[in-house]
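The lines below spell out each chain.
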Amino acid sequence: MHYPNLSALTADKTRALSNGPVCLILIEDQIAVEQTIRHHAALGFHTLIAFCDPAIALPADVALHRVDHDVTQPEALPQIINTVSAAARGAWIYYCYNAEFLFFPFSADRNLREMLTFVTEERRDSVLTHVIDLYARDLTTHPDAVDLEEAWFDSAGYFAIPRRDPAGALLDRQVDICGGLRWRFEDHVPPARRRLDRVALFREAKGVVMGPDHRFSDPEYNTYACPWHHSVTAAICSFRAAKALRRNPGSRDAIATFHWPKSVRFTWQAQQLLDLGMMEPGQWF
């Protein structure tokens, strides 16, 4: 189905939003659009919804809903999340951008619905995801920094900062994760955009909304684990930061390469991320 706006999508919620888990893909440009959609379609989502400009081409042979929407506006993400959440009662919802790819523990052998069943049994309503910046090694051959055949990422340099409330008190089980390209090239990245933590997978609950900082109004949604043991986390392998650094004239002229001694080639396997400690299986085996 093709919807002209968000309102049309939610008005048709019985057809478009009744089956979860729901995958929301915000498409900013034409880069890796088909690969992003096919990757997530294979993970086990019941419903895929693409939000994009009408000029963006989408694969015709993948079952998905299309919504005309300008996702480049600063408020676009909270607007989409909160509007869809209000209509998709009780559903698990995931969001990402094009040229981003979700991986979770054992995803080579198990589908997303299996993991979410376990998370629900653990009485968790969210899964913290760690964004991992992907990039091309050769920026001359790949000037947009996107190379799906030979992607690289940083194997080290990530760190977590305990999160505090406005009064300075530590927030329970909440951290700001930093590192990747945003850390190495922080002079070109505004402070508000340096975080790698993202609550990209969550279950809708009445009254819980996403704020402008992309955190949720229920503090428990923003935690990395339950109070009694480690919980499952996931990873979003993303070319988005690399694309932005290459698109911006200031950073493009200042950065000759993203490659450094800690770069490793991405194998497109969840096990590689588990071995490097970039995902947590928790009690799920």
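Data block above holds the structure.
Conventions we followed
- Residues numbered from 1 in each chain as written.
- Predicted model: local features only at pLDDT ≥ 70, side-chain atom pairs only at ≥ 80, totals over all residues.
- Heavy atoms only, no water.
- Helix = DSSP H or I, 4+ residues; strand = E, 2+ residues; numbered from the N terminus.
- Rg over C-alpha atoms; globule rule 2.2 N^0.38 Å.
- Buried < 20%, exposed > 50% of the residue type's maximum accessible area, 1.4 Å probe, protein only.
- Contact = heavy atoms within 4.5 Å.
- Areas by Shrake-Rupley, 256 points an atom, 1.4 Å probe, with all protein chains shown as cover.
- Lys, Arg positive; Asp, Glu negative; His and termini not counted.
- Charge placed at Lys NZ, Arg CZ, Asp CG, Glu CD.
- Pairing = 2+ DSSP bridges.
- Patch = residues over 30% accessible without salt bridge, like charges linked within 9 Å, V, L, I, M, F, W, Y side chains within 5 Å.
- Salt bridge = Lys/Arg side-chain N within 4 Å of Asp/Glu carboxyl O.
- Phe/Tyr/Trp six-rings, centres within 6.5 Å; stacked < 30°, edge-to-face > 60°.
- Lys NZ or Arg CZ within 6 Å of the ring centre and 35° of its normal.
- Polar contact = N/O pair within 3.5 Å; in protein donor to acceptor, adjacent residues only side chain to side chain.

A. Spatial organisation of the overall build of the protein chain. In terms of regular secondary structure, the protein chain is built from 9 helices and 13 strands. For the protein chain, whose C-alpha radius of gyration is 18 Å, the value lies close to the compact-globule estimate of 19 Å for 285 residues. Expressed as lengths along the three principal axes of its C-alpha atoms, the size of the protein chain is roughly 50 × 45 × 40 Å. Looking at the protein chain as a whole, 53% of its 285 residues qualify as buried. For the protein chain, long-range pairs separated by at least 24 residues make up 71% of all intrachain contacts whose partners lie at least 6 apart in sequence. Entry remark: accessible area of the protein chain is about 12900 Å², with carbon and sulfur atoms responsible for 52%. Once the 29 positive and 35 negative side-chain charges of the protein chain are each reduced to a mean point, those two points are 2 Å apart.

B. Representation of the side chain of Thr233. Counting through the fold element by element, Thr233 comes out in the loop between strand 11 (197-203) and strand 12 (234-238). Not counting the four nearest positions on each side in its chain, Thr233 is found in contact with Pro105, Val127, Leu128, Tyr224, Met279 and Glu280.

C. Broad picture of the pairing of strand 7 (residues 126-136). Counting buried positions along strand 7 yields 11 of 11 residues, so the element is predominantly enclosed. Along strand 7, one buried face is formed by Ser126, Leu128, His130, Ile132, Leu134 and Ala136 and the opposite face, lined by Val127, Thr129, Val131, Asp133 and Tyr135, is buried too. Relative to strand 12, strand 7 runs parallel, the two being bridged by 5 bridges. Each bridged residue has a counterpart across the sheet, and for Ile132 the counterpart in strand 12 is Cys237. By the bridge criterion, 3 bridges tie strand 7 to strand 8 (residues 151-154) in an arrangement that is antiparallel. Note that in strand 8 the partner of Tyr135 across the bridge is Trp152.

D. Summary view of a nonpolar patch on the surface. Among the surface-exposed residues, Phe159, Ile161 and Trp183 lie close enough to one another that they form a single nonpolar patch of about 260 Å² accessible area. Structurally, Trp183 is set in helix 6 (residues 180-184).

E. Layout of the packing of aromatic side chains. Applying the stated criterion across every chain yields a total of 14 aromatic pairs. An angle of 45° between the planes, with centres 6.3 Å apart, marks the rings of Phe103 and Trp268 as tilted. Of this pair, Phe103 sits in strand 6 (residues 100-103) while Trp268 sits in the loop between strand 13 (263-265) and helix 9 (270-275), and the two are 165 residues apart along the sequence. Chaining the aromatic ring pairs together yields one cluster made of Phe101, Phe103, Phe153, Phe266 and Trp268. When the ring centre of Trp284 is taken as reference, the NZ or CZ atom of Arg110 above it lies at 4.7 Å.

F. Structural view of the side chain of Asp68. Within the element layout of this structure, Asp68 appears in strand 4 (residues 65-68). Despite its burial, Asp68 pairs with no opposite charge; the closest candidate is Arg66, at 4.1 Å N-O. A polar contact of 2.8 Å, which involves the side chain of Asp68, links it to the side chain of His2. In this structure, Asp68 is in contact with His2, Tyr3, Pro4, Asn5, Cys52 and Pro54, ignoring residues within four places of it in sequence.

G. Looking closely at the environment of Ile177. With respect to the element layout, Ile177 can be found in strand 10 (residues 170-178). Along the primary structure Ile177 and Ala50 are separated by 127 residues, whereas in three dimensions their C-alpha atoms are 27 Å apart.

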